[in-house]
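Each chain, written out:
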Amino acid sequence: MRTRQAIFSRYGALAPALWLVAGFLVMASDAPAQPAPTDRIVARLDSGWRPASRTFAATRVFTANLEQGQFEADYELRNGGVVDGGISFLLWRNLGIGLDVSNFRTIHEARITSELPHPFFFDLPRTTTGRAGGLERQELGIHIRALWVSQLADWLVISVSAGPSIISAKQDLVSSVQHIEVGFPFNEIVFANHTVSSQSETTTGLNGGVDIDSYFLHRLPFLRNFSVMEHIGVGLLARYVRGVVELQVDDEPIEVDLGGLQVTTGVRFRF
Amino acid sequence: MQRGVHHGLLAPRLELLLMHALNRLVFGAVTLALLTLAASVAAQPQAPNGVLTLSAGSGSAITALREADTLVNQLTRDGSLRITRQDPDPLLPGRSHERLQQFHQGVPVYGAEVTRQTASGLPISVFGTLHVGIDLETTPALSVDDAARVVQELSGRTLFRSALPRLVVLPDRVNTGVYRLVYEARTFTGAQLMVYFVDASTGTLVWSYNDLKTQQPVLPCAQCVIGEGLGIKSDRKKMSVTTVGGTFLAHDQLRPAEVFTFDMRGDLPRTELVLNGLEPLFDVDLSTDSDNRWLDGASVDAHVGMGWTYDYLSLRFGRDGLNNQNVRMLSLVHPVNRADVFSAPPDLIGLYYLNAFYCGLCGPDGFGVVVFGEGLPPNILVGGQRFNFFSGALDIVAHELAHAVTDFTSALLYMDESGALNEAFSDVIGIGVEFYAESLFRDGAGVPDYALGEDVIEPGGIRSLSNPQRFGDPDHYSLRFLGKADNGGVHTNSLIPGHAFYLAIEGGTNRVSGLSVAGVGAANREQIEQVFFRAFTVLMSRTSDFAAARAATIQSARDLYGANSAAVQAVTQAWTAVGVN
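Residues numbered from 1 in each chain as written. Chains lettered and ligands numbered in written order. Predicted model: local features only at pLDDT ≥ 70, side-chain atom pairs only at ≥ 80, totals over all residues. Heavy atoms only, no water.

Enquirer: Give me a nonpolar patch on the surface: which residues, what numbers.
Expert: Residue and element names in this part refer to chain A. A surface patch of nonpolar side chains, amounting to about 910 Å² of accessible area, comprises I87, F89, L91, W92, I97, L99, V101, L140, I142, I144 and I166. Listing elements by their share of the nonpolar patch, those giving two or more residues are β4 (80-92), β5 (95-116) and β6 (126-153). Among the elements that make up the nonpolar patch, the one with the highest residue count is β4 (4 residues). Its place among the elements puts I166 in strand β7 (residues 156-181). Accessibility expressed as a relative area gives 40% for I166, which makes it partly exposed. (Patch = residues over 30% accessible without salt bridge, like charges linked within 9 Å, V, L, I, M, F, W, Y side chains within 5 Å. Areas by Shrake-Rupley, 256 points an atom, 1.4 Å probe, with all protein chains shown as cover. Salt bridge = Lys/Arg side-chain N within 4 Å of Asp/Glu carboxyl O. Helix = DSSP H or I, 4+ residues; strand = E, 2+ residues; numbered from the N terminus. Buried < 20%, exposed > 50% of the residue type's maximum accessible area, 1.4 Å probe, protein only.)

Here it is in structure tokens:
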């Protein structure tokens, strides 16, 4: 099992993010014809969806009928809602920096596969499956972004960003399962119940994404007279976040993948 | 023996019916046999001196089967046959089995039974023995109390409350056609479970035999928890036990039939009182352990072995325990102290040290008890063999419990050929359980084979179904024991059907006849187990002999696997090879 130290050695040094920032700087200095935005500050407020499902599994062992039994929980994360907001500053030419905060929450299930030792015989476990529902996953992420911003037209701005993330994750984990013995000859068991342990942990990760902003509202006939509309637009953000956290259930570590692809839309304010 | 009194005033209706039916049966069967040259299991209605043997199965001429069925119906309507048991077939849907007892003027005729198998009301097989022409007055001169006093004088024991004498018509064992009105009573003497037949007129002892089913001849819910025990070979076993007040007791409540293992702690006088039903057993008498890690191998193996035997009966044959109604299973371990063997009389050594036995009417509730012998100190050899705790051999545990199954089904008379069949069935079950449990043992224990008792009587065991001659037992009918010892050699002649069972599975050539058998193969052993179990529990009757066992097992194989099946071939060849035709 991967240790916390190993995970940090994999992601914690943030070396890739730094390399990415360095790359942006080089590109900015050498970019001859990329139009730079005229507004230096952009604020966002989005809501959206994390469309991709992902799973992780955890196996726990226990003692029953004088032998070691176990159950495996396959956590099936569903799509969930994301609220995302942030602000970015144009620093130099096309290069900017941003700070975003996102919150993801979903209620999902876990598929439980249990192996329970037989009461009469050694090495003849019974297996059963069940589902544990109502499990909550919440991820609060702070994403630091280095941006490459390109204003393709007065009304269209595209930015590419990448950087490190700090993710605070909360996950409901199945800590134990209960079964009902069907009775003699005890070849069958029925999954009856489960208990849940809510675990939280904070870790670091990476983020990368593309933001397409459009400031066309002031061109609409009925908004033309409102000058503030030149500063308001709409945008679409596609962001991928990746992180790994190690949660504990009764001192047993469980490695959990965080993040994923999320797509959000919302309003943009540029100044 | 006194011949039954012929009154001659009128021919009883039963006799007329039987004689009429007999004539039709014999004529019909012989005619059809000649016409069809039917082989295999032909109907064999024979009535030498008034004893009618019914042996009609699906291999017989259909007319003979119908005649036998009609006879049974007529006698049932007449009241001469009464249904004593009726069960659905546990294996074949739509089939059912009846067991009928013959009565004469309201008194049961000892050993006269018929089993009938039907499918949707149509007869499939009829086996059994009936007595024709009984002419006997059934008003006894002695009362039940008088008979009980006679038996108590004969045995020196108080009769079981549940086993007071009952009136029966006893066919003479030597002179066919001679009958006697007697009282039948049972009592456990401490070394024998004696069955007495006392003349209902004179109070004299007519016949007696020892019905104690021994392993070998006497001569030689919230409280449920799982414990870990070590058998006599230090092999790990799980035990289903009960916890009461922080102590763990050998009381299995997880199986539909409760399993009790009592530790008599070497108290033989108390053991005898318990067996006689004169003293109850309490929780404190159960084998016990303080930390649920059981180290008394005799208790562990007895308790686990009974449970596994229950599992085998249930899962292999669909039988609910010993009586098919989940009667409790009860055993006693440590009936004596090993250290006392040097001062024990020979009969006690033979029973409580060098044996195991099932006592059918014993115990506080009269539902039977298994007692496992204590064995001998490790440094003592008998015949070059060491004797360990008898409960340490799973085949012995199952063997003894199978006697209970027999008692609750065919009740094969524990004497002569029927007694040998009784023993053979127990051996078959013992072997069957051992193979069934092969994958359940741990730590190198429980290697299955066709030897009996090899795990506790070392080296070799006490009997071998694969090679009966190894222990001097007959492997062919021509070599059968014809003496009176051991109830007519029940532990000796049992190897003839036992060897047939082996050959039907494994195949091979009989040493004496030189005939070869194409067995069904070890992978199909369950077929032969099913065949024998069905034949012995639902098709055979109290006085079945080897020939009847042959017919019943072939019928059973036909029922289960079809007339042209490998099982039918194997069973038929096996019986022929051991000289039973």
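Enquirer: Go over the confidence of the model for chain B with me, naming the residues and quoting the values.
Expert: Residues and elements named next belong to chain B. For chain B, the mean per-residue pLDDT works out to 86, and 88% of the residues sit at or above 70. Within the model, pLDDT remains below 50 along residues 1-45, and this stretch shows 73 contacts once partners closer than five positions in the same chain are excluded. Residue range residues 215-220 is modelled with pLDDT below 50. Its contacts to residues more than four positions away, or to other chains, number 27 contacts. (pLDDT = per-residue confidence, 0-100. Contact = heavy atoms within 4.5 Å.)

Enquirer: A description of the sheet that holds strand β13 (residues 247-249) of chain B should follow, citing residues and the corresponding values.
Expert: All names here are of chain B. With mixed pairing, the 5 strands of this open sheet are ordered in space as β16-β13-β12-β11-β17. Pairing within the sheet leaves two strands with one partner each, and these edge strands are β16 (288-289) and β17 (293-294). Both strand β11 (residues 224-230) and strand β12 (residues 236-244) contribute to a ladder of 7 bridges, which runs antiparallel. Across the sheet, the residue bridging to I226 is S240, located in β12. Packing against the sheet, helix α5 (residues 297-317) makes contact with β11, β12 and β17, and its axis sits at approximately 95° to β12. (Pairing = 2+ DSSP bridges. Axes fitted to C-alpha atoms, helices over the stretch in contact; angles between N-to-C directions.)

Enquirer: Quick rundown of the interface of chain A and chain B? Include the residues and the values.
Expert: Taken together, the contacts link 14 residues of chain A with 17 residues of chain B. Buried area between chain A and chain B, both sides added, is near 1400 Å², and the carbon and sulfur share of it is 69%. The largest contributions to the chain A side of the interface with chain B come from F120, F122 and F184 of chain A, which together make up 50% of the buried area. Here chain A is connected to chain B by 2 salt bridges. R442 of chain B is paired through a salt bridge with D123 of chain A; the nearest N and O atoms lie 2.6 Å apart. At the junction of chain A and chain B, the tally comes to 6 residue pairs in polar contact (both at pLDDT 80 or more). When grouped by side-chain class, the residues that make up the side of chain A that touches chain B number 10 nonpolar, 2 polar and 2 charged. (Buried area = accessible area lost by both parts, 1.4 Å probe. Polar contact = N/O pair within 3.5 Å; in protein donor to acceptor, adjacent residues only side chain to side chain. Nonpolar A, V, L, I, M, F, W, Y, C, P; charged D, E, K, R; others polar.)

Enquirer: Summarise the nonpolar core; cite the residues concerned and give the values.
Expert: One recurring pattern in soluble globular proteins: nonpolar side chains tend to sit buried together. Within the largest apolar cluster, 125 residues are counted, with the highest numbers of intra-cluster contacts made by L275, L332, Y352, I429, F501 and I528 of chain B. For this core, the leading source of residues is α5 of chain B, giving 10 residues. Residue contributions to this core reach at least three from each of two domains, namely domain 3 (224-398) and domain 4 (465-577) of chain B. Among the nonpolar cores identified, the runner-up in size contains 23 residues, and A73, I112, A169 and L258 of chain A belong to it. (Core = buried A, V, L, I, M, F, W, Y, C linked by side-chain atoms within 4.5 Å. Domains from an automatic or database assignment.)

Enquirer: Pulling in residues and values, what's your account of the state of the cysteines?
Expert: Two cysteines, two sulfur atoms, one covalent bond between them: this is a disulfide. All names here are of chain B. Taken as a whole and judged by the stated rule, the model has 1 disulfide over all chains. The partner cysteine of C359 in its disulfide is C362, sulfur to sulfur 1.8 Å. Classification of the bridge connecting C359 and C362 rests on its S-S torsion, roughly 45°, and on that basis the disulfide is right-handed. Taking the relative accessible area as the measure of exposure, C359 reaches 0% and is therefore buried. For C362, a relative accessible area of 0% translates into the label buried. (Disulfide = S-S within 2.5 Å.)

Enquirer: How would you explain the confidence of the model for chain A if you had to name every residue and give the values?
Expert: When pLDDT is averaged across chain A, the result is 85; 87% of the residues are at 70 or more. Low confidence marks residues 1-31 of chain A, where pLDDT is under 50. Its contacts with residues over four positions away, or in another chain, come to 45 contacts.

Enquirer: Hey, could you go over the environment of V304 of chain B for me, with residue numbers and the actual values?
Expert: All names here are of chain B. Relative to the elements of secondary structure, V304 occurs in helix α5. V304 sits in the buried class, given a relative accessible area of 4%. Measuring from C-alpha to C-alpha, the distance between V304 and A250 comes to 9.5 Å, with 54 residues separating the pair along the chain. For V304, the contacting residues outside a window of four places in its chain are K237, K238 and M239.

Enquirer: How would you explain helix α10 (residues 495-506) of chain B if you had to name every residue and give the values?
Expert: All names here are of chain B. With 12 residues, α10 should reach 16 Å at 1.5 Å per residue; the first-to-last C-alpha distance of 16 Å fits that figure. For α10, the buried fraction is high: 11 of the 12 residues fall into the buried class. Within α10, the full set of buried residues consists of L495, I496, P497, G498, H499, A500, F501, Y502, L503, A504 and I505. (Expected span 1.5 Å × (residues − 1).)

Enquirer: Now, about the packing of α5 of chain B against helix α11 (residues 525-539) of chain B: what can you tell me, with residues and values included?
Expert: All names here are of chain B. Following both chains from N to C, one finds α5 and α11 inclined at 95°, their axes separated by 11 Å at the closest point. One element, α5, and the other, α11, form an angle in the roughly perpendicular class. Together, Y312, L313, R316 and F317 of α5 and E526, E529, Q530 and F533 of α11 make up the contact between the two elements. (Parallel < 35°, antiparallel > 145°, perpendicular 65-115°, else oblique.)

Enquirer: Lay out the packing of aromatic side chains in plain terms, naming residues and giving numbers.
Expert: Applying the stated criterion across every chain, the model contains 25 aromatic pairs over all chains. Residues Y110 of chain B and F197 of chain B carry aromatic rings whose centres are separated by 4.9 Å and whose planes lie at 80° to one another, so their mutual orientation is edge-to-face. Here the residue Y110 of chain B occupies a position in strand β4 (residues 107-119), and F197 of chain B occupies one in strand β8 (residues 193-199), the gap between them amounting to 87 residues. Accessibility classification places Y110 of chain B together with F197 of chain B in one group, the buried group. Consider the rings of Y352 of chain B and F357 of chain B, whose centres lie 5.7 Å apart with planes at 75°: the pair is edge-to-face. With respect to class, Y352 of chain B is no different from F357 of chain B; both count as buried. In this structure an aromatic cluster arises from ring pairing among Y312, F317, F425, Y436, F501, F532, F533, F536 and W575 of chain B. One cation-aromatic arrangement involves K238 of chain B over F122 of chain A; the distance from NZ or CZ to the ring centre is 5.2 Å. (Phe/Tyr/Trp six-rings, centres within 6.5 Å; stacked < 30°, edge-to-face > 60°. Lys NZ or Arg CZ within 6 Å of the ring centre and 35° of its normal.)

Enquirer: Break down the side chain of K238 of chain B for me, with residues and values.
Expert: Looking at the secondary structure, you find K238 of chain B in strand β12. Every residue in contact with K238 of chain B, bar those within four places of it in the chain, is listed here: N65, L66, E67, P117, H118, P119, F120, F121 and F122 of chain A together with I226, G227 and V304 of chain B.

Enquirer: Hey, could you go over the pairing of β8 of chain B for me, with residue numbers and the actual values?
Expert: Note on strand geometry: in a regular strand, side chains alternate between the two faces of the sheet. All names here are of chain B. Burial of β8 is extensive: 7 of the 7 residues sit out of reach of the surface. What you see with β8 is no split at all: L193, V195, F197 and D199 on one side and M194, Y196 and V198 on the other are buried throughout. Inspection of the sheet shows strand β7 (residues 179-188) paired to β8 by 7 bridges, in the antiparallel sense. Its bridge partner lying in β8, A185 is registered against Y196. Where β8 meets strand β9 (residues 205-210), 5 bridges bridge the pair, whose relative direction is antiparallel. Paired with V198 across the two strands is L205, which belongs to β9. The hairpin turn running from β8 into β9, its antiparallel successor, is 5 residues long, and G203 in that turn takes a positive phi close to 80°.

Enquirer: Quick one: what's the story with the pairing of β6 of chain A, residue by residue and with numbers?
Expert: Residues and elements named next belong to chain A. Sheet topology places β5 next to β6; 21 bridges connect them, and they run antiparallel. Bridge pairing links S102 to G141 in β6. The loop that links β6 with its antiparallel partner β7 comprises 2 residues.

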